[in-house]
Amino acid sequence: MVDQKPPEQIRVAVIGAGPQGLCALKNLLEEGFDAELCEARDVIGGLWAFSNDPNVFTTLESTITNVSKLKNVYADFPCDNDFPLFPTQKEFLEYLEAYAEHFELKRRIKFKKKLLSLSRAEDGNGQMAWRLEFAEVYELRDSKPVTIKTVEFFDKVIMAIGRHHSPHMPAIEGAEHFGKRLIHSAQFKRPEDYRNKRVLVLGFANTAGDTATELIGIAHTIYVAHRQGILVLPRVLKGKPVEQLSNRRMDAILGTLSSWFPITMAKFMQNMALKISDQAFSLKPAWGFRPAPSRFTQRVMISDTFVLALEAGDIESVANLKRIIDNEIVELDDGTRLYVDNIICCTGMNPNRSFLESLGQRTKLDEDSAHKDVRLPRLYQNIFPPEYASSIAFLDGWQAPTGICEVADLACTAIVQIFKGAYPLPTIEEMNREIDQHQEWLHTIGLLPNEPGAARNAVQERKWRSWLHDAAGNGMNEYLGWGRKGWWFWLTNWRFCNMLMGGVDSPHVGRLFEGRRKRWEGARKAIEEVNSEELARRKTDDNRKKK
Ligand SMILES: Cc1cc2nc3c(=O)[nH]c(=O)nc-3n(C[C@H](O)[C@H](O)[C@H](O)COP(=O)(O)OP(=O)(O)OC[C@H]3O[C@@H](n4cnc5c(N)ncnc54)[C@H](O)[C@@H]3O)c2cc1C
Ligand SMILES: NC(=O)c1ccc[n+]([C@@H]2O[C@H](COP(=O)([O-])OP(=O)(O)OC[C@H]3O[C@@H](n4cnc5c(N)ncnc54)[C@H](OP(=O)(O)O)[C@@H]3O)[C@@H](O)[C@H]2O)c1
């Protein structure tokens, strides 16, 4: 399985220039691979590169990241000090641009080059390789752009095409009465278009929350219709970003307990999350937030404004949409009838699994799931199709409560070490066994059978991260663990060690220790700075509140 060629002779394609693809390219180039990134659009940033085109799904210009800049950064590239704690779409895109510029990534990116298909085939030299078919757009002087189909061979591939591809549009009885006034949130670009309209927002997750609050002061009436509750959390609680309410020490304890008592701990963690929600908001039963599905689903709403808007009466929470009666009347599940001008379905997006499935990859239907149509991909560590694990990785396969940059960096460092042959993979049989065990865990904690919106890509956080740390060779298991190196590090650096374990949970720790992957000299300084800046910020906030 181990590729014997040195990295500079190994040709790797990365597909997609979002936060994950950029990180994959950077890590490959750092290890000397002959890497190239192909991006369908003409910009980097993926979802974060806003587009007005209704056919291109992006965040809105008004989107604010729901994970703070303390956690949503790459391990060796700190965020601008001047950025707010939760950067806006524009600021986060600026950060991605600065990352691409700093690591000189654009010279290895081919824009307007869309992957069409992927298969194993013999290259021109009689070697088995990945055959990639692209549609490339060429701008010709004085004529329309032309699209040409091209074929290239690569030794290895990293797929970073994101999870949000085609709108998940529910089948609604009577939809024909509404025509173009019934849209999916992917087409929602300009709130101004809804001035003085009565708008029904369908769904009860992040997009629904953002879309509804976006319409306040513009639309005449805003209803949010939903079929179940949701765990709602603020961005900041008790002065800390919610993802920083825990710390590395606490995560280690909870993670270990979770591996021993998965069901009890899943319930305990859910109760903790509900308590945090209760501390932040006084939720009225009529708003329908409870019962809330498990936090292991992707259904956690992070919003500072949504509950306040319900309280103020700017938004009304109503039962699920049952059917559309005529061109302005809709009926809800509880029999209520409402007058509505527009319906915006914030019902999520479907991922594109066609590339994975084209590998002949076994995808198993969840027979005992409430949603039998949902396919469960078989990926080792939620990344590698076992049969081709040494040469292809899929970067869409997890649901972990963290920032995308942090987790992408960890995963990409690991993938690149595996592609180098520096970290051995188990046999195909062992990988398949591990996948079976993981899927068993999804059933054990009650995700698959009970939760309609369950995240099929949930991971056992501690176990999964521990494997990635080992594969990446970042020294974290050794220096922050119980072994000889761990004790020595603690004894000789106890103050700093305490900062790592109890202070800001900063991704820069990923490049702090000696290991197989390249270390970043600036990591310790960056961690100390982030901690002192965050303490200063909290103090200023406290003082402001006391006044
Ligand atoms: C509205 C919204 C807000 C979010 N907020 C947060 C947040 O605050 N924090 C957070 O951590 N995560 C957030 N997320 C999750 C989001 O998925 C990640 O932030 C991030 O964009 C994922 O990065 P990615 O590189 O995997 O995919 P994407 O950003 O989706 O990028 C994928 C890229 O691949 C390209 N591509 C796709 N198919 C092809 C093809 N066939 N050939 C070539 N190129 C292709 C696309 O054009 C795109 O540029 C949010 C998601 C949404 C929808
Ligand atoms: N500010 C931010 O950072 C931000 C903003 C927006 C989105 N995001 C991210 O973007 C991703 C997508 O979020 P999303 O909110 O668009 O989608 P989502 O998380 O998939 O939620 C979809 C919502 O639609 C509902 N729904 C689906 N099918 C339905 C049907 N047939 N009838 C009624 N309701 C239905 C779901 O209800 P059930 O729960 O009942 O299935 C759920 O409330 C997530 O990762 C999210 O975190 C982040």
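Residues numbered from 1 in each chain as written. Chains lettered and ligands numbered in written order. Predicted model: local features only at pLDDT ≥ 70, side-chain atom pairs only at ≥ 80, totals over all residues. Heavy atoms only, no water.

### Some details on the nonpolar core
Grouped together as the largest cluster of nonpolar side chains are 57 residues, with contacts concentrated most on Leu28, Tyr95, Phe384 and Leu395. Broken down by secondary-structure element, the contributors of at least two residues to this core are strand S1 (11–15), helix H1 (19–30), strand S2 (34–38), helix H2 (89–102), helix H8 (404–420), helix H9 (428–444) and helix H11 (461–472). The dominant element in this core, judged by the number of residues it contributes, is H8, at 11 residues. Sequence-distant contacts of tyrosine 95, defined by excluding residues within four places in its chain, comprise Asn72, Val73, Tyr74, Phe77, Pro78, Cys79, Phe83 and Cys405. Counting residues in hydrophobic clusters, the runner-up holds 27 residues, among them Val224, Trp287, Phe289 and Ile315. (Core = buried A, V, L, I, M, F, W, Y, C linked by side-chain atoms within 4.5 Å. Buried < 20%, exposed > 50% of the residue type's maximum accessible area, 1.4 Å probe, protein only. Helix = DSSP H or I, 4+ residues; strand = E, 2+ residues; numbered from the N terminus. Contact = heavy atoms within 4.5 Å.)

### Section: the pairing of strand S17 (residues 321–324)
Each regular strand displays side chains that alternate between the two surfaces of the sheet. In the sheet, S17 pairs with strand S18 (residues 329–332) via three bridges, with the strands oriented antiparallel. Following the sheet pairing, arginine 323 is matched in S18 by glutamate 331. The hairpin turn running from S17 into S18, its antiparallel successor, is four residues long. (Pairing = 2+ DSSP bridges.)

### Some remarks on the pattern of salt bridges
Taken as a whole, this structure holds 40 salt bridges when the rule is applied. Ionic pairing is found between arginine 11 and glutamate 36, a salt bridge with its closest N-O pair at 3.6 Å. Taken together, the positions of arginine 11 in strand S1 and glutamate 36 in strand S2 put the pair 25 residues apart, joining distant regions of the chain. Here arginine 11 falls in the partly exposed class, since its relative accessible area comes to 26%. (Salt bridge = Lys/Arg side-chain N within 4 Å of Asp/Glu carboxyl O.)

### What about the layout of surface pockets?
Counted as a void, the second largest pocket has a volume near 380 Å³. Lining of the second largest pocket is provided by 20 residues; of these, Lys69, Cys79, Asn81, Val530 and Glu533 occupy positions nearest its centre. In terms of residue class, the lining of the second largest pocket is built from nine nonpolar, four polar and seven charged. (1 Å grid on protein atoms, 1.4 Å probe; cavity = no way out; pocket = protein on both sides within 12 Å on 5 of 7 lines; lining within 4 Å. Points joined across faces, edges and corners; volume = space filled by probe spheres on them. Nonpolar A, V, L, I, M, F, W, Y, C, P; charged D, E, K, R; others polar.)

### Structural notes on H1
Owing to its 3.6 residues per turn, the α-helix aligns residues three or four sequence positions apart on the same side. In a regular helix each residue adds 1.5 Å, so 12 residues correspond to 16 Å; H1 covers 17 Å between its end C-alpha atoms and thus fits that length. With 11 of 12 residues buried, H1 is to be regarded as a mostly interior element. Inspection of H1 places Pro19, Gln20, Gly21, Leu22, Cys23, Ala24, Leu25, Lys26, Asn27, Leu28 and Leu29 among the buried residues, and these make up the whole buried set. In this fold, the buried residues of H1 make contact with S1, S2, H2, strand S3 (109–110), strand S7 (156–159) and H8. Just past H1, the residue glycine 32 takes up positive phi, approximately 90°. (Expected span 1.5 Å × (residues − 1).)

### Let's talk about the environment of glutamate 94
Following the sequence through the fold, glutamate 94 ends up in helix H2. When the C-alpha positions of glutamate 94 and tyrosine 479 are compared, they lie 33 Å apart, and in sequence the two are 385 residues distant.

### Notes on the sheet that holds strand S16 (residues 316–319)
Strand order in the open sheet formed by five strands is S9-S20-S10-S11-S16, with parallel pairing between adjacent strands. Each end of this open sheet is capped by a strand with a single partner; those strands are strand S9 (182–184) and S16. Strand-to-strand twist in this sheet, taken as the mean axis angle between neighbours without regard to direction, amounts to 25°. Pairing analysis gives five bridges linking strand S10 (residues 198–202) to strand S11 (residues 221–226), with the strands arranged parallel. Pairing of valine 199 across the sheet is with isoleucine 222, part of S11. (Axes fitted to C-alpha atoms, helices over the stretch in contact; angles between N-to-C directions.)

Keep in mind that these numbers describe shape and distance, not what the molecule does.
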